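Summary of structural features
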Amino acid sequence: MAEQYFPVPLRRIGVDTVPNFDLFIKQKNRYVLYRKADIMFEKTVLNNLMENRIESLFVSKRDLKLYEEYRRQIVEEQEGVAEEKGFAGIFIDLEEVERYHEILDNYHVIDHSLFKPEMELSFAVYYHEKNDVHLAEDFEEKPEGPWQLTLKSFATDRELMIKNEDLPAYRSFVQKLMTAAGAGSVERQACALREMSKMVVKDVLDDPRSGENIKRANQTVDSMVEFILENETSFYSLMKISGHDYYTYVHSMNVCTFCLALGQEIGLPKSPDLEMLGLGAMLHDVGKSRVDPKLINKPGKFTDEEFTKMKDHVLFGVNILNENHDLPDKALEPVAQHHEKLTGIGYPYGLKNHKIGLFGRISSIVDVYDALTTERSYKKALTPFEALSFLSKTQKEYDQNFLTKFILMLGKQIEKGV
Ligand SMILES: [Fe+2]
Ligand SMILES: [Fe+2]
């Protein structure tokens with residue numbers, strides 16, 4: 001059998017470390033040796049890769065154990081440094097926390113894959129780095145725009161953002177791409193759909209009582225289901241998600257995508273099952289709109305009291321949807337049950353085993369997986385392997401059958417080099 005390769009995002013390879021495994025590069029669907037093991041990974045190598053817009057290198061399956069050990073050492077070292085400085089990986093002062101919330105409030109995170117050189121934009125793009133937001137280089141010279149893209153500033157692993165006030169302009173930009181004749185590759189269509197969905201969820205979280213917002217969420221989920229069913233071979237492109245930081249709208253979109261993928265893997269029919277599962281997953285954290293955003297994005301651990309307040313989001317969500325909308329019970333299941341565990345230690349109901357519905361069991365696996373693999377300003381994300389091995393250890397809490405399917409499904413995704 002041919003050797004398998006697994007993608008490793010560049011940011012996981014430490015500058016000035018000596019990886020003890022070979023690193024490969026993907027060229028026209030072939031994996032070519034890029035750096036032999038035991039050679040220092042210098043800053044110039046990283047810069048060179050970034051200039052060429054390469055975001056990931058690859059590790060062969062036989063070296064995977066070595067890679068995981070290498071990562072473990074890096075994480076341990078980082079934690080050691082943080083502890084020495086006395087802040088154990090979280091922000092040092094309140095001003096920093098304040099700044100972090102300001103960014104969350106005023107900016108919207110976008111995906112760089114929709115942009116092409118020479119496109120003309122009517123909104124400025126920023127990037128998020130070290131708890132600060134900077135105008136991307138392409139936009140610096142002309143304060144008013146419109147801007148012609150060179151993509152210089154988009155070349156890296158940066159998290160791109162726009163100001164909230166530019167959301168309408170961005171929405172019409174994405175809309176145009178979606179409706180343009182021959183909307184481009186499946187990947188671009190998937191990306192446009194993801195970007196649209198994120199904005200729809202954001203609107204729902206801003207105003208969950210609006211019937212119009214729920215209707216649009218419904219339509220968007222239907223488009224996602226259509227997309228997944230129509231593009232079976234390439235549907236993994238819809239799952240190309242990279243989480244840098246925690247935004248409820250990005251998380252909701254991720255959970256919806258993974259639930260649909262797992263639902264399809266299990267063989268659920270399109271209508272009404274996948275549509276209901278997708279809608280419920282998209283709305284699963286809608287109750288967070290009633291929880292103080294500062295609590296949701298609090299760096300570090302919750303106190304017991306804060307955790308109790310956080311848990312309220314589940315029943316808030318169920319109530320908001322019940323009071324304002326006439327959604328089928330099935331669509332409410334992910335909202336009500338995504339924090340339940342088979343052992344009965346979940347919340348809010350402490351349901352056990354078969355008392356947790358099918359959609360509840362699916363969404364609880366996906367929800368925790370996404371939380372674990374999302375990088376937050378104060379905590380490194382787990383790799384998919386680390387997250388899955390964590391989930392395997394807590395398997396009694398999750399449906400064995402679905403968990404196995406989920407792991408196999410993600411394995412396939414990784415194999416495709418997504
Ligand atoms: Fe939740
Ligand atoms: Fe969630």
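Rules used throughout
- Residues numbered from 1 in each chain as written.
- Chains lettered and ligands numbered in written order.
- Predicted model: local features only at pLDDT ≥ 70, side-chain atom pairs only at ≥ 80, totals over all residues.
- Helix = DSSP H or I, 4+ residues; strand = E, 2+ residues; numbered from the N terminus.
- Buried ≥ 20, exposed ≤ 12 C-beta atoms within 10 Å, placed from the backbone.
- Pairing = 2+ DSSP bridges.
- Axes fitted to C-alpha atoms, helices over the stretch in contact; angles between N-to-C directions.
- pLDDT = per-residue confidence, 0-100.
- Contact = placed C-beta atoms within 7 Å.
- Parallel < 35°, antiparallel > 145°, perpendicular 65-115°, else oblique.
- Left-handed = near helix turned anticlockwise from the far one by under 90°.
- Expected span 1.5 Å × (residues − 1).
- Bend = angle between axes of the 7 residues up to and from the residue.

The next subject is the overall build of the protein chain. Helix and strand counts for the protein chain stand at 14 helices and 10 strands. Within the protein chain, the proportion of its 418 residues that are buried is 32%.

Let us look at the sheet that holds strand β10 (residues 159-163). Read from one edge to the other, the open sheet built from four strands follows the order β5-β10-β7-β8, with strand pairing classed as antiparallel. The open sheet is flanked by β5 (107-110) and β8 (132-135), the only strands paired with a single partner. In this sheet, adjacent strand axes meet at a mean angle of 40° when their direction is disregarded. Of the pairings in the sheet, the one linking strand β7 (residues 126-129) to β10 comprises three bridges and is antiparallel in character. Note that in β10 the partner of Y127 across the bridge is L160.

For β7 and β8, the ladder comprises four bridges, and the chain directions are antiparallel. Considered in β8, the bridge of Y126 is made with L135.

Right, let's talk about the confidence of the model for the protein chain for a bit. With 88% of its residues at a pLDDT of at least 70, the protein chain reaches an overall mean of 84. Of all helices and strands in the protein chain, the one with the weakest mean pLDDT is helix α2 (residues 64-85) (71), whereas helix α11 (residues 329-337) scores best (97). Confidence drops under pLDDT 50 across residues 82-92; counting only partners more than four residues distant or on other chains, this segment forms 16 contacts.

Glancing now at the packing of helix α6 (residues 211-230) against helix α7 (residues 248-266). In contact at an axis separation of 11 Å, α6 and α7 are set at 45° when each is read in the N-to-C sense. The angle between α6 and α7 places the two elements in the oblique class. Considering only the axes of α6 and α7, their crossing is right-handed. Taking contact as the criterion, the partners of V221, M224, V225 and I228 in α6 are, on α7, C256, L260, A261 and Q264.

Looking now at helix α10 (residues 304-324). The terminal C-alpha atoms of α10 lie 31 Å apart, and with 21 residues this matches the ideal 30 Å at 1.5 Å per residue to within 8%. Of all the bends found along α10, the most pronounced is centred on L315 and spans about 30°. Along α10, the residues classified as buried are H313, V314, G317 and L321. Of the surrounding elements, those touching the buried residues of α10 are α11.

This next bit is on the pairing of β10. Of the strand pairs in this sheet, β5 and β10 are connected by four bridges, and their pairing is antiparallel. Counted as the bridge partner of H108 is I162 from β10.

On to unusual backbone geometry, then. The general pattern is negative phi for most residues beyond glycine and trans for most peptide bonds. S271 connects to P272 through a cis peptide bond whose omega is 0°. Residue placement: P272 occurs in helix α8 (residues 270-282). Following Y347, the chain continues into P348 via a peptide bond in cis, with omega recorded as 5°. The backbone of N29 shows a phi angle near 65°, a positive value even though the residue is not glycine. Locating N29 in the fold gives a position in the loop between β2 (23-27) and β3 (30-35). Overall, N29 belongs to the exposed group, with 6 C-beta atoms counted inside 10 Å. A positive phi angle, near 65°, is found at D38, a position not held by glycine. In this fold, D38 is placed in the loop between β3 and α1 (43-51).

On to the environment of L23, then. Tracing the backbone shows L23 in strand β2. Judged by the 21 C-beta atoms lying within 10 Å of it, L23 is buried. The spatial distance from the C-alpha of L23 to the C-alpha of P7 is 9.8 Å, given a sequence separation of 16 residues. When residues no more than four places from it in sequence are discounted, the contact partners of L23 are Y34, R35, L57 and V59.

What follows covers the environment of A169. Following the sequence through the fold, A169 ends up in helix α4 (residues 167-179). Taking the C-alpha atoms as reference points, A169 and L121, separated by 48 residues in sequence, lie 8.9 Å from one another. A169 has contacts with S122 and F123, leaving out every residue within four places of it along the chain.

What follows covers helix α5 (residues 186-206). The α-helix advances 3.6 residues per turn, and as a result positions three or four apart in sequence lie on the same side. Across its 21 residues, α5 extends 30 Å between first and last C-alpha, which sits within 8% of the 30 Å expected from 1.5 Å per residue. Burial of α5 is extensive: 15 of the 21 residues sit out of reach of the surface.

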